[in-house]
Amino acid sequence: MHSNRTVGRPKLEHRPLELLTAAANVFARKGFDAGSVRDIASAANVQPSSLYHFFGSKEMLFEEVYMEGVRRIKTSVETAVVTQGRPWDKLEVAAAAHLTSLLEDDFFSVVVAETIPKGTSELNKRLIVHRNDYEKMFIAFIDRLPNLTNDNKIYLRFALFGALNATVNWYQPGKDSPEEIARRIVGLFRVQLDT
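Residues numbered from 1 in each chain as written. Predicted model: local features only at pLDDT ≥ 70, side-chain atom pairs only at ≥ 80, totals over all residues. Heavy atoms only, no water.

A. Main features of the overall build of the protein chain. Helices and strands together make up the secondary structure of the protein chain, namely nine helices and zero strands. Along its sequence from the N terminus, the protein chain presents helices and strands in the succession α-α-α-α-α-α-α-α-α. Relative to its 195 residues, the protein chain shows a buried fraction of 41%. By sequence separation, contacts in the protein chain at least 24 residues apart represent 69% of the contacts at least 6 residues apart. (Helix = DSSP H or I, 4+ residues; strand = E, 2+ residues; numbered from the N terminus. Buried < 20%, exposed > 50% of the residue type's maximum accessible area, 1.4 Å probe, protein only. Contact = heavy atoms within 4.5 Å.)

Pasting the structure below:
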């Protein structure tokens, strides 16, 4: 006979992506420190102890969410740029894919938001490796832009990510699309730098 707690729940073995999705939602809304294992379990409709069936700790769960976010955004950017040949056009569609993912995907929100665990230096080191792996794509796009000094390339990357990531603070669905916002942001840099 089954316990009342498990009646109506899908088998846990079939739910790792559901658990990651629930965790991404909680971490995106609350951050690592405020988002509890109980919150995640509740969102996934499982017992808190069930999360440890797949993830040995909250930190491991966060890292899995973070890695999934990096994987998704890399795939989105790679798919977007495949048809673009000119360097500024490639950067524009990469920025649009980045911004669309940021505004529409909890996984990627976790990657760029201030949700990273405090005081877990080993985890932070691993997260930085994942983040840097993603940023290498943009470094490559920016390196191909004509007529830019190395200093300008570095500052362009920082400024572009800053502008795109800050969009979450003012974006309003139904107004300019993420693609239009990214096009305009890249256009501002292009006017100044593409001489």
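Here the narrative resumes, following the displayed structure.
B. Quick look at unusual backbone geometry. Non-glycine residue Asn-45 carries a positive phi angle of around 60°. Take Asn-45: it is sitting in the loop between helix H2 (37-44) and helix H3 (48-51). Look at Asn-45 and you get partly exposed, because its relative accessible area is 39%. Its identity is not glycine, yet Asn-147 carries a phi of approximately 65°, on the positive side. Classification of Asn-147 as exposed rests on a relative accessible area of 56%.

C. Summary view of the packing of aromatic side chains. Going through the model one piece at a time under the given rule, you end up with 10 aromatic pairs. Each ring, one from Phe-32 and one from Phe-62, has its centre 5.4 Å from the other, and the planes form 85°; the classification is edge-to-face. Of the two residues, Phe-32 sits in helix H1 (residues 16-34) while Phe-62 sits in helix H4 (residues 58-81), which places them 30 residues apart along the sequence. Looking at Phe-32, the relative accessible area reads 6%, which means it is buried. We classify Phe-62 as buried; its relative accessible area is 0%. (Phe/Tyr/Trp six-rings, centres within 6.5 Å; stacked < 30°, edge-to-face > 60°.)

D. Here's a closer look at the packing of H4 against helix H7 (residues 121-143). Orientation of H4 relative to H7, taken along the N-to-C sense of each, is 5°, at an axis distance of 10 Å. One way to sum up the angle between H4 and H7 is to call them roughly parallel. Together, Glu-59, Phe-62, Glu-63, Tyr-66, Met-67, Val-70, Ile-73, Lys-74, Val-77, Glu-78 and Val-81 of H4 and Leu-123, Arg-126, Leu-127, His-130, Arg-131, Asp-133, Tyr-134, Met-137, Phe-138 and Phe-141 of H7 make up the contact between the two elements. Residue composition of the contact of H4 with H7, by class: 13 nonpolar, one polar and seven charged. (Axes fitted to C-alpha atoms, helices over the stretch in contact; angles between N-to-C directions. Parallel < 35°, antiparallel > 145°, perpendicular 65-115°, else oblique. Nonpolar A, V, L, I, M, F, W, Y, C, P; charged D, E, K, R; others polar.)

E. Spatial organisation of the side chain of Asp-89. By the element assignment, Asp-89 lies in helix H5 (residues 87-104). The residues touching Asp-89, leaving out its near neighbours within four places in the chain, are Gln-84 and Arg-190.

Keep in mind that these numbers describe shape and distance, not what the molecule does.
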